[in-house]
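# Structure assessment
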Amino acid sequence: IENSPHKNKTLDDLTVVQDDENKALFMEGGVDQSILKETKLAVVGASSTIGLMIVDILASRGVKVVGVSSSSSAAAVLANGAVAVLDRHVSGGLGSKGDLELDIVIDCVGGDEIEDTARKALGSKGHLITIAGPGDNFGDAFDNGAKGQLGHAGAIASRSFKSMFSSIKYTLAAMPLTGGEKILEQLMKENVKSVIDSEVDMFNEEDMHKAVTKVNNHKNKGRLVFVL
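Computed from a prediction, not measured in an experiment: that's the story for all the values here.

Per-residue pLDDT for the protein chain averages 76, and the proportion of residues at 70 or more is 68%. Per-residue pLDDT, averaged within each element of the protein chain, yields its smallest value for helix α5 (residues 180-190) (55) and its largest for strand β3 (residues 41-44) (94). This stretch, residues 1-7, has a pLDDT under 50; its non-local contacts, to residues over four places away or in other chains, come to 14 contacts. Below a pLDDT of 50 lies the segment residues 136-143, which in the model reaches 14 contacts outside its immediate sequence neighbourhood of four places, other chains included.

Before going further, it helps to spend a moment on unusual backbone geometry. One non-glycine residue, S91, lies in the positive phi region at around 55°. Structurally, S91 is set in the loop between β5 (84-87) and β6 (104-107).

Burial along β3 is two-sided: the face carrying L41 and V43 and the face carrying A42 and V44 are both buried. In the sheet, β3 pairs with strand β4 (residues 65-69) via 4 bridges, with the strands oriented parallel. Following the sheet pairing, L41 is matched in β4 by V65. On the question of chirality, the crossover connecting β3 to the parallel β4 by way of helix α1 (residues 49-60) is right-handed. The sheet contact formed by β3 and β6 spans 4 bridges and is parallel. Paired with L41 across the bridge in β6 is I104.

Reading guide: rules and limits
- Residues numbered from 1 in each chain as written.
- Predicted model: local features only at pLDDT ≥ 70, side-chain atom pairs only at ≥ 80, totals over all residues.
- Heavy atoms only, no water.
- pLDDT = per-residue confidence, 0-100.
- Helix = DSSP H or I, 4+ residues; strand = E, 2+ residues; numbered from the N terminus.
- Contact = heavy atoms within 4.5 Å.
- Buried < 20%, exposed > 50% of the residue type's maximum accessible area, 1.4 Å probe, protein only.
- Pairing = 2+ DSSP bridges.
- Right-handed = clockwise from strand over helix to strand, strands pointing away.

As structure tokens, then:
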């Protein structure tokens, strides 16, 4: 991977353009679409906190990344270095990839539907890496009792076993990412920044209500910071 200088753009200076033919595709204005031919990696859930960090880290190393998020978050994902964004509300995002030939999909969302869409997008080759796990409640495994833990373990074992005989490889990367202090230290070294939408006073009931409504309606352009 070739290193290349990467700086977070400001949302005010960013012009987001929707492609006329592929309505799911958003790019920064003035960027030649031929760059998509060199883009082999997609991040699903690219507007989430960890998704934005992954996009930023990869882009800072010269990796060309396409993000999958809601259209309202496209500007934030592009500002963190993605070359393009696919709207997750259109065919699950990856279902509208067009001529994009992907080798790697990093899943920050989780769930069977995301996994199925990612496998179809990869076709007969590639690598699916999930940091969210196979089930929608994977992160709560240790709160679900022995039955829940066994269920998640079985799902992981099944997928890992299948990848041994499949051209698409499967990796669960959730466990290594739980070392919070080490991750924070590394992010500080990388000077990774997250796009900030606004600061919200946690003791202002009206502001809190507006913030929750904004997030639920996917109107936020980056992260909301709650201030004590």
